[in-house]
Amino acid sequence: MTAGKLTAEEFEEIMRRYDAKGPIENTLRHFGYSEIQEESEWRQHWDKSEYLKKLLFMPEFINIELKHEKFKMVLDYDPDYPNALIQFF
């Protein structure tokens, strides 16, 4: 990893480092979303104990993937549920 800059591959590796508990469909249902993937451009669910660490890399993700596009970012968090959900629309 270069100082201050992440490649797309390095970013994806960081995002995979902490697995969410259970399938994403369970997390989507918990937060009241449809399981249909076409509604959002990108969805990830993370073990909630690590979601703040992963959020620190969102500026790099946006710079790599979305800097020339309009987007809406939604973070769902429930202290009583094991996963956090982030979606880009």
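It should be noted that the structure appears before, not after, this text.
Structural notes, computed from the coordinates. (Residues numbered from 1 in each chain as written. Predicted model: local features only at pLDDT ≥ 70, side-chain atom pairs only at ≥ 80, totals over all residues. Heavy atoms only, no water.)

## Here's the deal with the packing of aromatic side chains
Describing an aromatic ring pair means giving the distance of the ring centres and the angle of the ring planes. To keep it simple, the criterion reads: By convention, a stacked pair of Phe, Tyr or Trp rings (six-membered ring in the case of Trp) has centres within 6.5 Å and planes under 30 degrees apart, an edge-to-face pair has planes over 60 apart, and any other such pair is tilted. Strands here are runs of E lasting at least two residues and helices are runs of H or I lasting at least four, both read from the DSSP assignment and numbered beginning at the N terminus. Only protein chains enter the accessibility calculation, which uses a 1.4 Å probe; a residue whose area is less than 20% of its type maximum is buried, one above 50% is exposed, and one in between is partly exposed. Only when the NZ atom of a Lys or the CZ atom of an Arg is both within 6 Å of the ring centre and within 35 degrees of the ring normal do we say a charge sits over the ring.
Summed over the entire model, instances satisfying the criterion amount to three aromatic pairs. Ring plane angle 50° and centroid distance 5.1 Å describe the contact between phenylalanine 61 and phenylalanine 88, whose orientation is recorded as tilted. Of this pair, phenylalanine 61 sits in helix α4 (residues 58-66) while phenylalanine 88 sits in strand β3 (residues 83-88), and the two are 27 residues apart along the sequence. The burial state of phenylalanine 61 is the same as that of phenylalanine 88; both residues are buried. With centroids separated by 5.6 Å and ring planes inclined at 55°, the aromatic side chains of phenylalanine 71 and phenylalanine 88 adopt a geometry described as tilted. In this pair, phenylalanine 71 sits in the loop between α4 and β2 (73-76) while phenylalanine 88 sits in strand β3, placing the two residues 17 residues apart along the sequence. What makes phenylalanine 71 partly exposed here is its relative accessible area of 34%. Through successive ring pairs, a cluster of aromatic residues spans Phe61, Phe71 and Phe88. Here lysine 72 stacks its cationic end above the ring of phenylalanine 89, 5.4 Å away from the centre of that ring.

## Considering the sheet that holds β2
Note: strands within a sheet are paired through backbone hydrogen bonds, in either parallel or antiparallel orientation. Counted only if it meets this: DSSP bridges decide pairing: two strands pair if at least two such bridges lie between them. Here an angle of 0 to 180 degrees is reported between the N-to-C directions of two axes, which are lines fitted to C-alpha atoms, with helices fitted over the stretch in contact. Contacts are residue-level and defined by heavy atoms, with any inter-residue pair within 4.5 Å sufficient.
Strand order in this open sheet of three strands is β1-β3-β2, and the pairing throughout is antiparallel. Of all the strands in the sheet, just β1 (42-47) and β2 have a single pairing partner and so form its edges. For this sheet the average axis-to-axis angle between neighbouring strands, irrespective of direction, equals 15°. Taken together, the four bridges between β2 and β3 define a ladder with antiparallel strand orientation. What sits directly across from leucine 75, in β3, is isoleucine 86. Along the sheet face, α4 touches β1, β2 and β3 and points at about 30° away from the line of β3.

## A few points about the pairing of β2
Only one face of β2 is buried: it carries Val74 and Asp76, and the other face, with Met73 and Leu75, is open. Hairpin connection of β2 to β3: six residues between the antiparallel strands.

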